[in-house]
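Report on the structure
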Amino acid sequence: MSRRHHLLHVIPYALLAQLLLVCDQLSKFWAVGHLTYAFAGLPPDASWGRRVQVFLWKIDPPVGDPIAVLHNFWHYRYVQNPGAAWGLLAGSGSAFRTPFFLVVSLFAMGFILTYFQRSEVQQRLLRVGLALVFGGAIGNFCDRLRLGYVIDFIDWHWFNRATWPTFNVADAGITVGVALLLIDMFTAPPPVAPQTAVLD
């Protein structure tokens, strides 16, 4: 396969990963603007660039009230998650936690890229899943790199009886991507053994 032909098959998945990254960061920008007081000190006519600067580097903004989407089921609630999913290692010291997660994320993204490179063009479901996991991983990696924690804000719960861990768009993309990888694992046809010529 020529380099140009190879790029044509890679570009759609790269765009999917970039789209997820952009949606993740824009949604977190919205969460910071509507669920915290990070922009409270800015003048009402503050430029977009000034707000982005605060979003990128405001380490610990005062948290505002949650916003109800569906009462008793779905709220937008700003949470700083210094750990992994479900708050794993959230209580460990930042001197260990932040470098650990950054290194793990880099290794994971390198593994995803290698796995994608070794996949076949016809494995579309697998490649979509890898692109979603990669885009979500970059989104959360950007948070950890600049802030030391991940911004979560989507809170799903069943009244006060059951609560799903607060998550973000990157987490949602990773979850869907992993689900697609599992579907591909159990539905992909087995590899065909090469045929050997039989000489009489």
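Geometry of an aromatic ring pair is reported as the spacing of the ring centres plus the angle between the planes. Going through the model one piece at a time under the given rule, you end up with 15 aromatic pairs. Ring plane angle 50° and centroid distance 4.9 Å describe the contact between F29 and W48, whose orientation is recorded as tilted. On the criterion of sequence distance, the pair formed by F29 in helix α1 (residues 3–35) and W48 in helix α2 (residues 48–57) is long-range, its members being 19 residues apart. The class for F29 is buried, based on a relative accessible area of 12%. Summarising the aromatic geometry, the rings of F29 and F55 are spaced 5.4 Å apart at their centres and angled 80° between planes, so their arrangement reads as edge-to-face. Taken together, the residues span a long stretch of sequence, with F29 in helix α1 and F55 in helix α2 at a distance of 26 residues. Residue F55 is classed as buried on the basis of its relative accessible area of 6%. Among the aromatic residues, those joined into a cluster by ring pairs are W30, W74, Y76, F153, W156 and F167. In this structure, R144 packs its charged tip against the face of F101, placed 4.4 Å from the ring centre.

This brings us to the sheet that holds strand β1 (residues 67–70). Taken together, the four strands give an open sheet; going across it, the order is β1-β2-β3-β4, and neighbouring strands pair in antiparallel fashion. In this open sheet, the two edge strands, each paired with only one partner strand, are β1 and β4 (162–163).

The biggest cluster of nonpolar side chains holds 17 residues, and the ones touching the most others in it are V32, F39, F55, Y78 and I151. Counting only elements with at least two residues in this core, the list comes to α1, α2 and β3 (150–158). In terms of residue count, α1 provides more of this core than any other element does, four residues in total. If near-sequence neighbours (up to four positions away) are discounted, F39 is found in contact with F29, V32, G33, R51, V54 and F55. Membership of the second largest hydrophobic core comes to 13 residues, among which are L102, M109, I112 and L126.

Moving on to the pairing of β3. By the criterion of burial, β3 is predominantly enclosed, with seven of the nine residues buried. In this sheet, β3 lies alongside strand β2 (residues 74–81) in antiparallel orientation, the contact comprising six bridges. Its bridge partner lying in β3, Q80 is registered against I151. Judged from the two bridges that link them, β3 and β4 form a sheet pairing that is antiparallel. If you follow H157 over to β4, its bridge partner there is T163. The antiparallel pairing of β3 with β4 creates a hairpin that spans three residues between the two strands, and F159 there sits at a positive phi of about 50°.

Should their charged atoms come close, side chains of opposite charge can pair. In the structure shown here, the tally under the stated rule is four salt bridges. For K28, the salt bridge is made with D24, and the minimal N-O distance between the two is 2.9 Å. Of this pair, K28 and D24 both sit in helix α1, separated by four residues, roughly a single helical turn. Judged by relative accessible area, K28 falls into the buried class, the value being 0%. Between D155 and R77 there is a salt bridge, and its shortest N-O distance comes to 2.9 Å. With D155 in strand β3 and R77 in strand β2, the pair connects residues that are 78 residues apart, well separated along the chain. We classify D155 as buried; its relative accessible area is 5%.

As for its placement among the helices and strands, F101 is situated in helix α3 (residues 94–118). In this structure F101 comes out as buried when scored by relative accessible area, which is 7%. Residues F101 and F141 lie 40 residues apart in sequence; the distance between their C-alpha atoms is 8.3 Å.

Cut-offs and rules
- Residues numbered from 1 in each chain as written.
- Predicted model: local features only at pLDDT ≥ 70, side-chain atom pairs only at ≥ 80, totals over all residues.
- Heavy atoms only, no water.
- Phe/Tyr/Trp six-rings, centres within 6.5 Å; stacked < 30°, edge-to-face > 60°.
- Helix = DSSP H or I, 4+ residues; strand = E, 2+ residues; numbered from the N terminus.
- Buried < 20%, exposed > 50% of the residue type's maximum accessible area, 1.4 Å probe, protein only.
- Lys NZ or Arg CZ within 6 Å of the ring centre and 35° of its normal.
- Pairing = 2+ DSSP bridges.
- Core = buried A, V, L, I, M, F, W, Y, C linked by side-chain atoms within 4.5 Å.
- Contact = heavy atoms within 4.5 Å.
- Salt bridge = Lys/Arg side-chain N within 4 Å of Asp/Glu carboxyl O.

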